[in-house]
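Structural features, examined
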Amino acid sequence: MRSTTNYIFLAVLLLGGSCKKYLDVTPDNVGTLDYAFRNRNEAENYLFTCYSTLQSLNDVSANAGFTTSSEIIYPNDLQQHPLNEAGFNIIRGLQTAGSPGLNFWDGGGGGQPLFQAIRKCNIMLENIDKPADLGSVEKKRWVAETKFLKAYYHYYLFRMYGPIAIVDKNLPINATAAEVRVKRQPVDTVVNYIVRLLDEAIADLPPSIVNQARDLGRITKFIAMSVKAEVLTTAASPLFNGNPDYAGYKDKYGTVLFPAAADAQKWKLAADACKAAITECEAQGLKLYTYAPPANITSLTDSLKKVLTIQNAVTERWELNSELIWALTSIFHGQEYCIPRMTSQAVANSGSNPAYFAVPISTAELFYTDKGVPINEDNTWGYNHRYDLQTGDDASFFYVKSGYTTIKAHFNREARFYANIGFDGGMWFGNGSLDQYNMRYVQARGQSALAGPKDIQKRNITGYWPKKLANYLTVFDNGFQWIDYRMPIMRLAGLYLLYAETLNEVGGPTPEVYTYIDKVRTRAGLQGVQAAWSSYSTNPSKPNTKDGLRQIIHQERRIELCFEAQSGWDLRRWKELQAVLSVPLQGWSIYDDQAINYYRPQTVVAPVFGLRDYLFPIQSYDIIVNDNLVQNPYW
Amino acid sequence: MNKKIKQTGTLLPVLILRLFTLVFLLIIGGKVFSQETPSTGAKVTVTGVITDSAGRKIDGASITPEGKKKTGTTSDAFGRFIIDVPSGTRLIISYVGFSEQSIVATAERKEFTIVMKILEIKPAEEVVVTAYGKKQRKEAIVGSVTSIKPEDLKIPASNLTNALAGQAAGIIAYQSSGQPGQDNASFFIRGVTTFGYKRDPLILIDNVELSTNDLARLQVDDIASFSILKDASATALYGARGANGVILVSTKEGKMGKAKINFRLENSSSQSAKTLQLTDPITYMNLYNEATLTRDPTQPLPFNPDRITNVQATINNAPGSNKYVYPAVDWLGMLFKNRTSTQRGDVSVSGGGGVARYYVAGSYNVDNGILRRDAANNNNNNVKFENYQLRSNVNISLTKSTELVVRLSGNFSEYNGPLTADGGFSTDLYSMATHASPVLFPAYYPADSANLKTQHILFGSVAGNNFNADKDYVAYSNYNNPYALLLRGHKNSSESRMSAQLELNQNFSSLVDGLSFHGIFNTNRYSYFQSNSGYRPFYYNVGSYDKKTNAYTVNWLNQVPNSATEYLEYTPGATNINTFIYLQGSLDYAKRFGDHFISSTAIVTRQQTVYANATSLVNSLPYRNLGLAGRATYSFKSRYFLEFNFGYNGSERFSAAHRYGFFPTIGASYVLSEESFWDPLRTVLTRAKIRASHGLVGNDAIGSQRFFYLSDVNLNNGGSTSASFGTNGGYSRNGVRINNYPNEDVTWETSKQTNLALELTVLKNLNIVAEIYKNHRYNILQARTYIPSTSGQEATIYANLGAADSKGIDLSADYKQTFHNGLWLSGRGNLTLATNKYAYVEEPKYAESWRYFTGQKINRGYGYIAERLFVDDAEAQSSPTQIFSTNGAAPKGGDIKYRDLNHDGKIDVLDLTFMGFPSVPELVYGFGLSAGFKNFDLSAFFQGQARVSFFIDPTRVSPFVPSPDWWVTGNTQVLKAFADDHWSENNQNLYALYPRLGTTNSNISNNIQQSSWWLRSGSFMRLKSMEVGYTLPRSLLKRMKIDNCRFYFNGLNLITWSAFKLWDPELGGNGFAYPIQKVFNVGVNVNL
């Protein structure tokens, strides 16, 4: 009996005698941030973390330069929503401060959380000395890359919001409410900070990528210099340089956030930076791209070569594209949004190709005539009869389907028109047919046409397709076979035009300005600016004035970089976007199958773009949380 | 990285080993003292027969000499006993359920016939099961404990939780789906008392913490007691885990006596309690046309008059009509039967003798789904949900003072059903059927001439743009063909929980009078796995049709390689395995000193759960709790009661500094009716008692983060943090993601609770309990709101900031009256009113007073205030702008007009405000009446809820627009009520049921906002159950050698009264979900 009792007491002790360690279940090596910098390999992983946000910026549907450029319209009445439509809908007047589309300040509405990306860069810089096995050369390069990224994220925010908060050092997690309520910094302070960071990075970045198979896409000196050129050009541009619309705009403490007066010196700084970037790029072997047919294409006429040169300057693989300064590693997703149905198999498989991206008539009309001047200035072209019907013939054999009736506006245009735009009756080299005498072409009129609207989900609402964004080898027929490419952020052609622009702003028309525009025009198969205008323009002296030449450069840049997510930004910094979006965006009457009815412009979007839309709204919640922030003007 | 993971759990196997050694020793020890010699004296041999008042022999009654509990005997199967005792010994005869009797045996009187009288239990002597399974006399209860009679939970459904609503004062319960196996009710004790992470109560079955699913599967016939612990005093022993209340269930144990067999068989037929009224295909097409043109008159007509005529011909089955070219499909009818059957059976055997008593039960339930079968298909895809259970509770008296209890149970479920996307049984098929257009394509085509040799079914569809066709397992087109998805494959799952529990009860009265020990060891193992197999359906559409010959050809739509297959593909499904170990030891001391009675308890517990399929290192670490709890009570003359409790608990989730929490409570009660001054009142108020308690209880389930004091960093995250470089992006690294920052300061959520109660017995037969309570919950974990995004933190930072207040009333009453002619009547009713509010929420400084959560009721919905519909486009344009989301279009006439609360000329988040009642009902009630006469009995139970609101979910019920659920694609069907009453150019009713139609989410984005337009009252009352029973007459039973046999017919959810008519209001906002079922059931219950 007694022994039984003893056993029970023992059991009680065992049960109840709580081992002190019972609740200490976490082992010592649970991963914390310290482990991210234990050695070189881990630190490299963190460097890639810093890059990751940058690579996410490849999504053009979240890029205001793409979605608000008026170049592409995305229908907003689809039943399914494969893309985030927030960016495309900003020009419909749907932007709100309550819940902003493309919110890169917080991350949301398609936007990336860029302040988080900046915090990651700061973590990298704070900890970079920890890995013992990280050599000094490599460390220097990584620090330079991280600084570049930190500068670029600040620049991306600056481009959208103007005066932003600068986060040079991370605040601790337990920072007080007062500490975390940061203020917006004046535009000049922001630009100076970005440029200073870029200069620090440029000093230590490698001139080129040695191991392309492994490192292509990492930042080089010429990339950083080109970005610096763009940053300074943006800062010199009218939106930020003495913009009277923002005059006297202050924060709560009276700090003036935008420079009061335009400073011409900023253009000089920008021009110098462009020149330096061009010099560095050319020193590294970059040059304008020209298409050379592969062995399996035996005969190719010059006019098609020109078209392919222009298409491929964008869609060629990076390592084979001699003019590509910078692209993101992630591929461009969305060729299926750009290619019309050209075969009956494609119609049967229309599910795999929604072809939503619609180009408005105004963008198609931006391209020059084959004489190299705007269609409304060409004294040979017949602007007022451009909607008259015309049938394809031998002269236009490689551009318009022979015997197919379309309109005059589709004839006698520059090669860039045919490279950029897919249109009713337009020829399409590639897409599975590499025989120039047996090319596919677009038939877009009415529901029964191959490329015509099939239902709400499968239609192109204007009748124009952004052909340039599809690699010519991409096939949409029985299924969809992609040939991937990366959307350029900067091409040498763009840098040339940036240089021409800044030079013209500094000193007006000079031979050097013409030289750099003409490099781009020559590659497109056009005469030089002066020659073209003097021979064919109704305004032959236009290139001789600073204002006239500015217009020419702006249009040239919009044409050359069409659909590349550039003009949305350019038009903002030029303060021209409001004018561009003040006219209705139109397409053809897509449900009509007779040419005479089809070619009647229909308004697809009546854009709403006010003065306030030049800068993005800061989400109103952020201003409640941090009352040191002020909302952007007019929001 | 070279340190090993600490082995902190190694002590456990040693412990278990020792425990078993202990048991072994006890068994040996037990033999020793059963042979103790009796006291000396002149012996007599006493014999006797024990019967009940009806003359039936009692088997297993115990006969013990007074004061010598360790000796004695029991009666045999014929009620006979024989015992040798010294002359003059008083023998106590006892048997469970009967009053004790005593006889004095002398040499003269040594043969007895003893007739036992059935024990009449007075309310004050009722036993209530309280924390840790302690049985307490009801009279001595100080805390708030409600017991539900298990038989009240017996409803004709396979889910116990569905019976909870309205059964006990203090439970707020509601059921929002009727899908078999997925139809657990949501339930809260005294409503929702926090806005933190875990809001539902702790569930303990035989003292072991288990899940809602385990409770749901429990067989009512196996339940011995069902208690709900509501206030601080009752739950205090659970310390850090009891703040949301505790549900305590114990299973039956064997009783001494011959084997008793109880079996029950039920067969039910269930059907939707309320069916959705959808409009006909012709109206569907006309409205689709209307919806398209009313938004954009330039759009081509989706259904031209010719098409509508042809579909009408199909419906009329007119000569020359073609139901494949012009289909009119009743998807719901195609997929679902009107009713289905369910069978349930359980059997239990219990009995035993002095040494061991046993209760062994088994049950089998089979729930059949309501899906149809198709002859063309060899997969049987109808839902079949089978559940088997085996339970064995064995009590072994090792010695007179030592009892060992072994509880073994296994719960096994097998499921077979169609391959569905949402992991559910058939809800998603129901959603698909209600979101599929009736006229776009038929379910399938008979093989046309080109397809005569085709082996597969030619399912109908329309070419879609799902460009992930080769990857996506579920949808291949813009439009789901629900029939194809029903037939294409099946999903099997198997679930089991095996539980082994050993309990040891030791009475130490030999050492210290009144001291006893109780120990529990439990382990259970849970496993779940699932497998899926299916083919990818071939979709076709009509290619050409010749009206003259009525011949058509079909085109194969999904020709992309691998998007259609004839063979089954196998995909392994989710697996879930975990193990649980629980140890409990308690010492009890109870002793009466004259009028004074004291008792005390000390309990030590520890438990551990380990998950096999953890997704990260920290989640693979054991989940542990350690607790020490104590209770001390004092009572005087069974009139004044005082009680003190505490729980001292540790959770591994907090930093060492905050790991343990101390939760004390105090309670007292006073039985007024024991006082002499009560005497004049006693004829009316038979009994009266007041009680009160106050104290703290905690909650450690406050967030999803595993360890609050550690950062959670994924050093190999992938996805959004990865980057790649190289010519083909060939060199990539996964990157680092910070999921959580470390926070040493996070600690328990605590509830300060006060409870006051009055118990009354009126005129002997009417018992009333009324309680009021007030809870203040604080330290609710909440996100810090002052940190702006410019700080760039990847994870939200949390702190114990929030507070919530709740208060309410629980009322219950029961009444029973038996009349001389054998008629008996009983009634019972209860009511729970639970209200709550956010007492403190860290919020930014909103300019608009109506946006603050602080002060609002928890779970109250918010939205825009809808004024009416816009009169016309001009009014819509001149009103404050209402553009929602960046995908939205501007409203037109007939769209909902919202109120601009802050008068800033636009409707946006600043105009959102709180409205209606909370989505969890504040008031739940139930009342029932039963009556019996001779062999018949009849009962009815009504249940209802009030002070509850819900929003009709316009994103799921709006006609034509696709559902937001990714797996449901297609065009939503039209509710008849919407077809009959919506705004249109011809019916410009500004208060129509449904606003202006549209066919896409973007053009009706204005109308699908949460707003008062869609707000409805969720109040209802239903005849929850009704039962008629007939017990076979005793004379007949006797001949059949059956103790009892009862046949019954009952029904569930029979009639519902509600102001809301579109669907069953208990479903809430989404009427297009699997409806709540109405059940008719016949059953038989036999006791042998």
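Above this text sits the structure in question.
Residues numbered from 1 in each chain as written. Chains lettered and ligands numbered in written order. Predicted model: local features only at pLDDT ≥ 70, side-chain atom pairs only at ≥ 80, totals over all residues. Heavy atoms only, no water.

Turning our attention to the environment of N262 of chain B. All names here are of chain B. Within the secondary structure, N262 is located in strand β17 (residues 257-272). Sequence separation between N262 and S348 is 86 residues; the distance between their C-alpha atoms is 5.2 Å. With residues near it in sequence (within four places) discarded, N262 still touches D221, D346, V347, S348, N1085, V1086 and N1087. (Helix = DSSP H or I, 4+ residues; strand = E, 2+ residues; numbered from the N terminus. Contact = heavy atoms within 4.5 Å.)

Residue and element names in this part refer to chain B. A contiguous nonpolar surface patch, about 490 Å² in accessible area, is contributed by L938, M1026, V1028, F1049, F1080 and V1082. Listed by contribution, the elements that provide at least two residues to the nonpolar patch are β50 (1020-1031) and β52 (1077-1087). Its place among the elements puts F1080 in strand β52. Taking relative accessible area as the criterion, F1080 reaches 32% and is therefore assigned partly exposed. (Patch = residues over 30% accessible without salt bridge, like charges linked within 9 Å, V, L, I, M, F, W, Y side chains within 5 Å. Areas by Shrake-Rupley, 256 points an atom, 1.4 Å probe, with all protein chains shown as cover. Salt bridge = Lys/Arg side-chain N within 4 Å of Asp/Glu carboxyl O. Buried < 20%, exposed > 50% of the residue type's maximum accessible area, 1.4 Å probe, protein only.)

Next up on the list: the packing of aromatic side chains. Applying the stated criterion across every chain, the model contains 87 aromatic pairs over all chains. With 5.0 Å between their ring centres and 45° between their planes, F104 of chain A and Y156 of chain A make a pair best called tilted. Here F104 of chain A is found in the loop between α4 (86-89) and α5 (114-127), whereas its partner Y156 of chain A is found in helix α6 (residues 136-161), with 52 residues between them in sequence. A single burial state applies to F104 of chain A and to Y156 of chain A, both of which are buried. Ring geometry for F195 of chain B against Y838 of chain B: centres 4.6 Å apart, planes inclined by 45°, an arrangement best described as tilted. Here F195 of chain B, found in the loop between β12 (186-189) and β13 (202-205), pairs with Y838 of chain B, found in strand β41 (residues 824-840); they are 643 residues apart in sequence, far enough to count as distant. Across the pair, Y838 of chain B and F195 of chain B agree in class, each one buried. Each member of the aromatic cluster is reached from another via a ring pair, and the members are F104, F148, Y152, Y155, Y156, W326 and W569 of chain A. The residue whose ring lies beneath R386 of chain A is Y387 of chain A, and the NZ or CZ to ring-centre distance is 4.6 Å. Above the plane of the ring of Y623 of chain B lies R706 of chain B, whose end atom (NZ or CZ) is 3.4 Å from the centre. (Phe/Tyr/Trp six-rings, centres within 6.5 Å; stacked < 30°, edge-to-face > 60°. Lys NZ or Arg CZ within 6 Å of the ring centre and 35° of its normal.)

Take the sheet that holds strand β1 (residues 43-52) of chain B next. Residues and elements named next belong to chain B. Strand order in the open sheet made by the three strands is β4-β1-β7, with mixed pairing throughout. The open sheet is flanked by β4 (80-86) and β7 (111-116), the only strands paired with a single partner. Going from strand to strand, the sheet's axes swing by 30° on average, the running direction of each strand aside. Across seven bridges, the pairing between β1 and β4 is antiparallel. (Pairing = 2+ DSSP bridges. Axes fitted to C-alpha atoms, helices over the stretch in contact; angles between N-to-C directions.)

There is a patch of like positive charges on the surface, built from K752, K774, K807 and K837 of chain B. Secondary-structure assignment places K837 of chain B in strand β41. (Lys, Arg positive; Asp, Glu negative; His and termini not counted. Charge placed at Lys NZ, Arg CZ, Asp CG, Glu CD.)

Among soluble globular proteins, nonpolar side chains are generally buried collectively. With 202 residues, the main nonpolar core has F104, F148, Y152, I325 and W326 of chain A as its most contacted residues. Take this core: its biggest share by element is 14 residues, from α6 of chain A. Every residue in contact with I325 of chain A, bar those within four places of it in the chain, is listed here: F222, I223, S226, C281, L286, W318, M490, R491, L492 and L495 of chain A. If you look at the next biggest cluster of nonpolar residues, it comprises 84 residues, including Y284, Y430, L869 and W983 of chain B. (Core = buried A, V, L, I, M, F, W, Y, C linked by side-chain atoms within 4.5 Å.)

Let's shift gears to helix α12 (residues 302-315) of chain A. Since one α-helical turn is 3.6 residues long, residues separated by three or four positions face the same way. Residues and elements named next belong to chain A. A rise of 1.5 Å per residue sets the reference length of α12, with its 14 residues, at 20 Å; its end C-alpha atoms lie 19 Å apart and thus fit the reference within 8%. Buried residues of α12: S303, L304, V307, L308, T309, I310, Q311, N312, A313, V314 and T315, and no others. Buried residues belonging to α12 abut α15 (415-420), β10 (488-491) and α17 (511-523). (Expected span 1.5 Å × (residues − 1).)

Strand pairs in the sheet, formed through backbone hydrogen bonds, run parallel or antiparallel to each other. Residue and element names in this part refer to chain B. In space, the four strands of this open sheet follow the order β3-β2-β5-β6, with antiparallel pairing throughout. Because the sheet does not close on itself, it has two edges, and the strands there are β3 (73-74) and β6 (101-104). By the bridge criterion, two bridges tie strand β2 (residues 62-65) to β3 in an arrangement that is antiparallel. The partner of I63 across the bridge, within β3, is T73.

Let's shift gears to the state of the cysteines. One pass over the full model with this rule turns up zero disulfides over all chains. Unpaired in terms of disulfides, C281 of chain A finds its nearest cysteine sulfur in C274 of chain A, a separation of 11 Å. (Disulfide = S-S within 2.5 Å.)

For the rest of this paragraph, the subject is the environment of F115 of chain A. Among the secondary structure elements, F115 of chain A is positioned in helix α5. Residues F115 of chain A and T315 of chain A, spaced 200 residues apart in sequence, show a C-alpha to C-alpha distance of 31 Å. If we skip the residues at most four places from it in the chain, F115 of chain A touches W105, L157, A165 and V167 of chain A together with S789, T790 and G792 of chain B.

This part takes up the pairing of strand β33 (residues 685-699) of chain B. All names here are of chain B. Here strand β32 (residues 660-671) runs beside β33; their pairing, made up of seven bridges, is antiparallel. Bridge pairing in β33 places V671 opposite K689. The pairing of β33 with strand β38 (residues 749-762) spans 14 bridges and is classified as antiparallel. Counterpart to A692 in the pairing with β38 is L756.

Once that is clear, we can look at α17 of chain A. Residues and elements named next belong to chain A. Between the first and last C-alpha of α17 there are 18 Å, a value that for 13 residues agrees with the 18 Å anticipated at 1.5 Å per step. At I517, α17 shows its strongest bend, of approximately 25°. Once α17 ends, the next one or two residues include G525, with phi positive near 85°. (Bend = angle between axes of the 7 residues up to and from the residue.)

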